[in-house]
Amino acid sequence: MADYTEMWRNMGLDLKAHDALLGVLGSLYEQTFLKQSGRPEGMKYFDFVMSEVHGLRIKELMDARVAGRKVFGSFCVFVPEELVLAVDGILVGLCAGAEFAPAEAEKMLPRNTCALIKGAFGFAIAKVCPYLAAADVVVGENTCDGKKKSYEIFRDLVPDLYVMDLPQVKSDVGRDLLRKEYKRFAARIEEVSGRKIELDALKKAIHIVNAKRSAMHRLAKLRSADPAPISGLDALLANQVFFYDDPERFTKSVNVICDELESRVQRGEGVTAKGTPRILVSGCPMAVPNWKVPSIIENSGAVIVGEESCVGERGTQFLTSPEGNSVHALIENIVDRFFKIDCAIFTPNPSRLEHIKKMVKDYRADGVLHYCIQFCSPYQIESGPVERALERDGIPVLRVDTDYSQEDTEQIRTRVEAFVERLQG
Amino acid sequence: MTIQAGIDIGSRTIKLIMLNDGRISKAVVADTTFDPMAVCRDLLSGLDYQRITATGYGRRLFARAWTCKTVSEIKAVALGARFLMSSCGTVLDVGGQDTKIVTLDAGGKLDKFLMNDRCAAGTGRFLEVMAGALSFTYDQFSAAALSATRSEKLNSMCAVFAESELISLVAQGASREAIALGIHESIAIRTLSLMKGISLADTIMFAGGGALNPCLRRQIEAGLDRKMHVPENPRIVAALGAALAHSSEEERENGYRQFDVVADQIVHVG
């Protein structure tokens, strides 16, 4: 990696804390990813991306800003990338996947706040998230109670916070709200960038984001093969990098991996032996570097074949229709697409259960590990009914509620190993 | 003749079982101490076996040192319970730092299971700490609770908070026996609520060190409104399951017929 110290200093990062973070991230990545066997060649691209995740990619963002492009940072899949790309802007995910400066975060938030929110605060307070520092606008969204109330406090930590309201019910009223909010967001994007959202640009943006999603669909489908041609950890990494990378380059790289996986599948090759227990992970998002539970699963003799998660298929599953002859019509298509996302903030949320069942079938999963971040009420409350419904259908479920600390690793490992033993029969 | 060994390295005790052609030829329970591998070496010195399987929290450490296979304590307890009692459909295991409810399907295979969360509230260790806080030995503690005519309700399940609650009860003049009963009741309630999360079979086995506590057993049975089966030495169930874990179905079936452990083979060390 080149020396980015000067760039990081100019961005106002705390260099000492940031170095410590990169050190931990680097060794964690090595242990978790590089030690896997039988990785696809194409994953080298992601190894490179991860080695430069705070370097080259940040430089690209800063260069883009110099060239007049605007960077928007977000924490949620409800922020439509299409609108941002339509004004030649860049949308990036912000750091929230690790515990950083928890004591500082807890000065601002109650202790029983979920790890994701606390993580976002920790990164911001400790000045170690270059994506946050590179963002012209941070886009918040009223999803769960934890997030929407936290943004009231987060506002003081960032120069420009824009909060989008979101519906909680899939009704006509809810849809109207989403449409109004996306139009309000579109106006804000136009204002910040000084550019109008034009029909052709929006259409092109829809194609770019759809291509990125389609590449992920292709990857997901290839994982239905037994033996699985790629580890769940590597596939999760692709889902995580989805939020950071240049979209067109990302699409190309995922498709290169898919070409390689296709021939692996044809040859009947995989990363584990045929018949290895297959697990679908469902629940809360896993942002970089939240690899604890997937790593335990794949070191316990199972392979992960899908992620029903925001960092996974819940986030990528639908395409936006590019059909329409006006910006208005295309925004309506965007509303259509995002209104289908089955996040647990919606009540009721029956399509999520249907989607889990479909994923179990499509990817030939033997069981579901339901993952919750502690204090995430929407997913924790939903996990009970989801578990009962799946078990009723003969799909074994293991519920794991945890946070970003490592101290419960061995307890979780015991449960996961027993779950794998249960799947083996 | 095949000799299979199973070792369960738990948070409080290490249990070793030797299975000689499906018959338990040795059962040992020793304190885990600060050097569990040294205890394992002592327990195994001079013993002959074809295969050893490790379970419990120390299983990975043991497997690295002895180059052997492991099995989770959840599956181990299911296998051990089934070996001891072919009709067993649910196992409640109260160990040193966790409580497990494990169900078996009709064929005796591991099915749904639940475990308490990361902290040891409501487990054996909690009972030990509370006994100590009342200056009871562990056996006295359970006996005192059984002798109580009334109970003092404790609200806290955290060992630290519960101890201060206990101190304030003592300061209010509450009897030790009543406090002891209250502690057992609160653990029974917590265990019962965990058991409500899973559908229980007709035949329930109570295993782990917790099963040696007659007051806890009585409270849980009262809450369930039925009896649980407690094997002769409930602490060795997971070690027994480990000994069986990598045996064939045939070997295990053999075991059901041949099983007749005698009490004097169970030795407590340390």
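Residues numbered from 1 in each chain as written. Chains lettered and ligands numbered in written order. Predicted model: local features only at pLDDT ≥ 70, side-chain atom pairs only at ≥ 80, totals over all residues. Heavy atoms only, no water.

Undergrad: Hey, could you run me through the overall build of chain A in this one?
TA: When its secondary structure is counted, chain A shows 19 helices and eight strands. Relative to a compact globule of 425 residues, whose C-alpha radius of gyration would be 22 Å, chain A shows 21 Å and is just as compact. If you line up chain A on its principal axes, its C-alpha atoms span 60 × 50 × 45 Å. Expressed as a percentage of its 425 residues, the buried residues of chain A come to 62%. For chain A, the exposed surface amounts to about 16,600 Å²; the carbon and sulfur share of it is 53%. Across chain A, 55 positive and 61 negative side-chain charges occur, with their mean positions spaced 2 Å apart. (Helix = DSSP H or I, 4+ residues; strand = E, 2+ residues; numbered from the N terminus. Rg over C-alpha atoms; globule rule 2.2 N^0.38 Å. Buried < 20%, exposed > 50% of the residue type's maximum accessible area, 1.4 Å probe, protein only. Areas by Shrake-Rupley, 256 points an atom, 1.4 Å probe, with all protein chains shown as cover. Lys, Arg positive; Asp, Glu negative; His and termini not counted. Charge placed at Lys NZ, Arg CZ, Asp CG, Glu CD.)

Undergrad: Sorry, what's going on with the interface of chain B and chain A here?
TA: As a measure of interface size, the accessible area lost when the parts come together is often cited. If you look at the interface, chain B gives 17 residues, while chain A gives 21 residues. Taken together, both faces of the contact between chain B and chain A bury some 1,700 Å²; the carbon and sulfur share is 47%. Linking chain B with chain A are five salt bridges. A salt bridge links E387 of chain A to K112 of chain B, with the nearest nitrogen and oxygen atoms 2.6 Å apart. Counting the contacts that link chain B with chain A gives eight residue pairs in polar contact (both at pLDDT 80 or more). Of all the secondary-structure elements, those providing two or more residues to the side of chain B that touches chain A are α2 (59-66), α3 (73-84) and β8 (110-115) of chain B. Top contributing element to the side of chain B that touches chain A by residue count: β8 of chain B, with five residues. (Contact = heavy atoms within 4.5 Å. Buried area = accessible area lost by both parts, 1.4 Å probe. Salt bridge = Lys/Arg side-chain N within 4 Å of Asp/Glu carboxyl O. Polar contact = N/O pair within 3.5 Å; in protein donor to acceptor, adjacent residues only side chain to side chain.)

Undergrad: Teacher, can you tell me more about empty space enclosed by the protein here?
TA: It is the rolling of a water-molecule-sized probe over the atoms that shows where space remains empty. Residue and element names in this part refer to chain A. For the structure on display, the rule yields four cavities of 30 Å³ or more. Of the pockets and cavities examined, the largest cavity occupies roughly 190 Å³. Lining the largest cavity are 16 residues, and of these V79, E81, L91, F242 and F243 sit closest to its centre. Breaking the lining of the largest cavity down by element, the ones donating at least two residues are β2 (90-93), α11 (199-222) and α16 (327-339). Classifying every residue of the lining of the largest cavity gives nine nonpolar, three polar and four charged. (1 Å grid on protein atoms, 1.4 Å probe; cavity = no way out; pocket = protein on both sides within 12 Å on 5 of 7 lines; lining within 4 Å. Points joined across faces, edges and corners; volume = space filled by probe spheres on them. Nonpolar A, V, L, I, M, F, W, Y, C, P; charged D, E, K, R; others polar.)

Undergrad: How should unusual backbone geometry be read in this particular structure?
TA: Excluding glycine, a negative phi dihedral is what most residues carry, and trans is how most peptide bonds are arranged. That bond from V288 of chain A to P289 of chain A is cis: its omega, 0 degrees, falls within 30 degrees of zero. Residue placement: P289 of chain A occurs in the loop between β5 (278-283) and α14 (292-298). A positive phi angle, close to 60 degrees, is found at D225 of chain B, a residue other than glycine. The topology assignment puts D225 of chain B in the loop between α8 (214-224) and α9 (237-245). With relative accessibility at 69%, the residue D225 of chain B sits in the exposed group.

Undergrad: It is not clear to me how the layout of surface pockets should be interpreted in this structure. Could you clarify?
TA: Residues and elements named next belong to chain A. Looking at the largest pocket, its volume works out to about 910 Å³. Taken together, 42 residues form the lining of the largest pocket, with L28, T32, W291, K292 and S295 sitting closest to its centre. Within the residue set of the lining of the largest pocket, elements represented by two or more residues are α2 (15-34), α12 (232-241), α14 and α19 (409-424). At seven residues, the largest contribution of residues to the lining of the largest pocket is made by α2. Residue composition of the lining of the largest pocket, grouped by class: 21 nonpolar, 13 polar and eight charged.

Such coordinate-based values are descriptive only and should not be taken to indicate function.
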